[in-house]
Amino acid sequence: RTCGSMRTLEPSTAATSPTQMALPKRAVLTRWAAGLLATGCALLLLAARPSSPDAVRASDDANAEAGLAWCSAGGGWRAMAAGMAFARSAGRGGLIDDPRFEAAAANSGGTWFLAQFAYSSSFQSSVMSEDTPLDKLVDDWLLAHAGLGAKLEKGELEIAVPEKEMRKAVEHVLGLLNLAIAFTHGATKTMSQEVLGALNALLRFRGSWERFVTGMMDLTEPGLGHLPANVASRAPGTFSKAALYFQIANLTSAYVAASQDGPGAYTAMRAVVLTKDGDPIGPDLMVTPMQWVVAGSDTQTRRMLRSQVLLGTAGSGSSGLVVPKDMVKGVYVAEQSVDGNVVSSSMQGMSSPSPSLYTVGKVAAASSAAAAVLGSPQAFEAAARTLAQSQSPQLDANLPQIALNRANDLIDQFGADVLAKCGTATTLRELLQRAICLMGARPLLLAETAVCSGAVNSAGHCAFPDMRLADGGYVDNLAAAQTIGAMQNAPGASRNRPLMLLLTANQECSGAPTNLTCGNLQASGLFAGVREVSPGEPFNGWFGVSAPSEQVFSTAWEDVARSLQPLSRTQPLEKNKKSAKDPPQPLAPVVYATRIRTTTVSNSAYGVDSGSPVDVLMLVADGSIGLIGFEAVTKLNSDIASAGDFAAGIDNSGVDTLVRAWLQGGDAIDAVLPPLFNGALSAGRKGRDRGTEVRARERRAADAEERVVLDEFLKALGQEKALGQEEP
């Protein structure tokens, strides 16, 4: 037990008593021998364990009746690759076949994976089959979907932008991005590639994120994106027993309705979500948590779903849009004019959307709509003003004339009223302010980057009481907080029953998630000491959009981050050899792991009660992969190669052994986790800090070089323009 406390984090550790310190030498030797014998037995049991996943049984009495869940973080294509790898590895470790397994939760890119895994039999079998190498499986999937962001043909652009002058302005912007890709490098080139691909996808699907994600699902299996997201459509098999929790955020600042000022005039509406007592969750809150929940095939998960606050149900309560238990009163709606003045206000109930509208594509789109702030004039204004108020001198530098002309021309196409009201821009800061003005004047311009909870009407409105839905990452990127609340309140469950959570995150940390140099990882907000507010209270989140704090655990995040230990790679890849004669080169770790024993804290915004003991196994996969993969062909091919290796690295890190030991309960996992000693951790942190400083210097030097190249490129463009030469 003492050794175990060095490898796992628990809410408290008992101090060593003077009596223990004063043991006679013979007693010390006896205890040492007993400990050695116990360790040897544990290793023998692990080595001789049955190969069948069904053989996993909880040996820890505290966890024998625990509720078991798997929560997957967002992260676009990187999360897709990580989800495929973790599913195969954890499946080998017995997670899916464990009789306690009752919930699978996911957000954003994790939802892309979970939706396909839960609803496509062919996708699920390919992921779980050991016959197909994982790197090939991931590469093939990404390659099949890469064309979504490819260059639009002339006919496609004409369909996407039928107005001739507007299309000309769009073509100029696309051309400018292509020039930036051709003549720059480093961060500027990468950003230009991502933006170009995203614009191509946005135009190809006529600005609708829901159409884009549905198309992605259909590429995996024809018709998959259009399947109803309910129990009946789920792929058969053991996994279908678990309930599905897809994290979504309700973008309360995105309500838009037609005004009385005539055709084409719109009024922005702001809604404040109220608790069951009629109190606002937060005075300036812009997003609140929701989940699309689908019950599993067994009776227990169906009862669990019916115990929650459903806004819409299908199939005798088998699926629906769920809000936390304390947010049942409704919403207070303030109708606002474009200049922000309140016109009227009213109290209304939460929307009850038709479940028949919720397809696999719609749910996956809602959970991953990271650009949803563009669909809300007020949220966009908050995000843009946060950036515009930055003290960065680059925002006040004069932009190259060619870039300004293109940006201003595009905004000018939206009408004379916009031109008169919003002025022109000569700096990036002024350009942001002009964009804010444009969004206020045209609130439906990019509304479809957010997903409507109901059906968009003939006028293009997602009319109240329907809601605009956004990426669940605005509230909880691990989809864990609200899932815990649902598990705590399951019918028949004892109060504060123990919970077991497998948290799988993915990050681009360059091998340094253990000493906080990567910043706050995706799971950090679930723990203490990260948000500067109490659990459930509003804080300034993504893009300046306020959200309720998702903290549900009592343990401090700093302690969790420092306990993350790298897992050794067990099966070196052949491509890692320099030649056929050379032995494999040492492989950098891909997965970092820790086991945390903690308790829940009260968080009414997510429906979580305090006092439940939680056994958490956290796995963080470290890989430098594009979030969406919309880059140019050369960068895309590089990302695909990296993604395959990244997934294979996860699968070759002994995750299955770790999960199996964790499921057995007790301290069995301590024989599998890498050892953690305070002295070694401290020395390691110092070494990594020095490495971080070196990398930071290298990045600053590369940035300086890139600025010189970019300045020369833009200067050359300006000279060509001045001479009247045709632009490339």
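This structure is a prediction, so every number in the text was calculated from the model and none was measured.

Colleague: Hey, could you run me through the overall build of the protein in this one?
Modeller: A count of helices and strands for the protein gives 22 helices and 19 strands. The 728 residues of the protein split such that 52% are buried. Long-range contacts, defined here as pairs at least 24 residues apart, represent 76% of the contacts in the protein between residues at least 6 apart. Total accessible area computed for the protein in this model is approximately 31,100 Å², and 55% of it derives from carbon and sulfur atoms.

Colleague: Could you clarify how one ought to interpret the pattern of salt bridges in this entry?
Modeller: Considering all chains together, one arrives at 13 salt bridges under this definition. Measuring nitrogen to oxygen at the nearest pair gives 2.9 Å for the salt bridge that ties R468 to E448. Of this pair, R468 sits in strand β13 (residues 468-471) while E448 sits in the loop between α17 (428-441) and β12 (451-452), and the two are 20 residues apart along the sequence. Residue R468 is classed as buried on the basis of its relative accessible area of 2%. Bridged by salt links that share partners, the residues R92, E130, D651 and D656 form one connected network.

Colleague: Whenever I open this one, the environment of G74 confuses me. Can you help?
Modeller: Among the secondary structure elements, G74 is positioned in the loop between β2 (67-72) and α4 (76-92). Classification of G74 by relative accessible area gives buried; the value is 1%. Taking the C-alpha atoms as reference points, G74 and G472, 398 residues apart in sequence, are found 8.5 Å from one another. Those residues in contact with G74 that sit more than four places away from it in its chain are A79, N107, S108, G109, G110, N477, N506 and Q522.

Colleague: Help me out: how do you make sense of the nonpolar core in this one?
Modeller: Within the largest apolar cluster, 142 residues are counted, with the highest numbers of intra-cluster contacts made by L501, L526 and M618. Looking at this core, the element that brings in the most residues is α4, giving nine residues. If we ignore the near neighbours within four places in the chain, the residues touching L501 are A69, C71, A480, I484, F553, V614, D615, V616, L617 and W662.

Colleague: Explanation requested: helix α9 (residues 164-183) in the structure shown.
Modeller: For the α-helix, the turn length of 3.6 residues means that residues three or four positions removed from each other point alike. Relative to the 28 Å expected for 20 residues at 1.5 Å per residue, α9 spans 29 Å between its end C-alpha atoms, a close match to the ideal helical length. M166, R167, A169, V170, L174, L177, L179, A180 and I181 are the residues of α9 that are buried.

Colleague: So what exactly am I meant to see when it comes to the packing of α4 against helix α5 (residues 109-119) here?
Modeller: At their nearest, the axes of α4 and α5 sit 7 Å apart, and the two run at 45° to each other. By the angle class used here, α4 and α5 are oblique. The two elements α4 and α5 meet at a crossing, and its hand is right-handed. Facing α4, whose interface residues are G76, W77, A79, M80, G83, M84 and A87, α5 presents G109, G110, W112, F113, Q116 and F117.

Colleague: Please explain the packing of aromatic side chains as it appears in this structure.
Modeller: For any pair of aromatic rings, the description rests on two quantities: the centre-to-centre distance and the angle between the ring planes. Following the criterion strictly, the structure yields twelve aromatic pairs and no others. Taken together through their ring pairs, the aromatic side chains of W70, F101, F113, F117, F123 and F239 make up a single cluster. Note that K362 overlies the ring of Y358, its terminal NZ or CZ placed 5.6 Å from the centroid.

Colleague: Is there a simple way to explain the confidence of the model for the protein in this structure?
Modeller: Any residue range with low pLDDT should be treated as having predicted coordinates unsuitable for detailed reading. In this model, the protein carries an average pLDDT of 74, and 64% of its residues clear a pLDDT of 70 or more. Averaged pLDDT values for the elements of the protein fall to 33 in helix α2 (residues 18-21) and rise to 97 in α5. Overall, residues 1-8 carries pLDDT values under 50, and its contacts beyond four positions in sequence, including any with other chains, amount to 15 contacts. The low-confidence segment residues 677-695, where pLDDT is below 50, has 16 contacts with residues more than four positions distant or belonging to other chains.

Colleague: Any chance you could explain unusual backbone geometry here in plain terms?
Modeller: The phi angle of most residues is negative, glycine excepted, and most peptide bonds adopt the trans form. Positive phi, close to 55°, is recorded for S108, a residue that is not glycine. Along the chain, S108 turns up in the loop between β3 (101-106) and α5. For R206, which is not glycine, the phi dihedral falls at a positive 55°. With respect to the element layout, R206 can be found in the loop between α10 (186-204) and α11 (209-220).

Colleague: What is the right way to look at the pairing of β2 in this model?
Modeller: Across a regular strand the side chains alternate sides, sitting on one face of the sheet and then on the other. Burial within β2 is extensive, with six of its six residues counted as buried. Side chains of β2 alternate between two faces, with G67, A69 and C71 and L68, W70 and S72 buried alike. Across six bridges, β2 lies against strand β14 (residues 499-507) in parallel orientation. Residue pairing for β14: W70 is matched across the bridge by L502. Between β2 and its parallel partner β3, the chain crosses via α4, and the hand of that crossover is right-handed.

Colleague: What is the right way to read the environment of R100 from this model?
Modeller: Here R100 is to be found in the loop between α4 and β3. Considering only alpha carbons, one finds R100 and E65, 35 residues apart in sequence, at a separation of 7.2 Å. For R100, the side chain forms a polar contact with the side chain of D98, separated by 2.8 Å.

Colleague: What am I meant to see in the packing of α5 against α11 here?
Modeller: Packing of α5 against α11 brings their axes to within 11 Å, and their N-to-C directions diverge by 45°. Overall, the two elements α5 and α11 adopt an arrangement that is oblique. When the axes of α5 and α11 are compared, the crossing they make is right-handed. Counting all contacts with α5, which are made through W112, A115 and Q116, the residues of α11 involved are W209, V213, M216, M217 and T220. Class assignment of the residues belonging to the contact of α5 with α11 gives a composition of six nonpolar, two polar and no charged.

Colleague: I would appreciate a short explanation of the pairing of strand β4 (residues 243-251) in the present structure.
Modeller: Counted residue by residue, β4 has nine buried out of nine residues, so it is predominantly covered. Every second residue of β4 is oriented toward a common face, with A243, Y245, Q247, A249 and L251 on one face and L244, F246, I248 and N250 on the other, all of them buried. Both β3 and β4 contribute to a ladder of four bridges, which runs parallel. Note that in β4 the partner of A106 across the bridge is F246. One ladder, built from eight bridges, connects β4 with strand β7 (residues 287-294); its direction is antiparallel. The partner of L244 across the bridge, within β7, is V294. Note that β4 and β13 share four bridges and pair antiparallel. Bridge pairing in β13 links L251 to R468.

Cut-offs applied
- Residues numbered from 1 in each chain as written.
- Predicted model: local features only at pLDDT ≥ 70, side-chain atom pairs only at ≥ 80, totals over all residues.
- Heavy atoms only, no water.
- Helix = DSSP H or I, 4+ residues; strand = E, 2+ residues; numbered from the N terminus.
- Buried < 20%, exposed > 50% of the residue type's maximum accessible area, 1.4 Å probe, protein only.
- Contact = heavy atoms within 4.5 Å.
- Areas by Shrake-Rupley, 256 points an atom, 1.4 Å probe, with all protein chains shown as cover.
- Salt bridge = Lys/Arg side-chain N within 4 Å of Asp/Glu carboxyl O.
- Core = buried A, V, L, I, M, F, W, Y, C linked by side-chain atoms within 4.5 Å.
- Expected span 1.5 Å × (residues − 1).
- Axes fitted to C-alpha atoms, helices over the stretch in contact; angles between N-to-C directions.
- Parallel < 35°, antiparallel > 145°, perpendicular 65-115°, else oblique.
- Left-handed = near helix turned anticlockwise from the far one by under 90°.
- Phe/Tyr/Trp six-rings, centres within 6.5 Å; stacked < 30°, edge-to-face > 60°.
- Lys NZ or Arg CZ within 6 Å of the ring centre and 35° of its normal.
- pLDDT = per-residue confidence, 0-100.
- Pairing = 2+ DSSP bridges.
- Right-handed = clockwise from strand over helix to strand, strands pointing away.
- Polar contact = N/O pair within 3.5 Å; in protein donor to acceptor, adjacent residues only side chain to side chain.
- Nonpolar A, V, L, I, M, F, W, Y, C, P; charged D, E, K, R; others polar.

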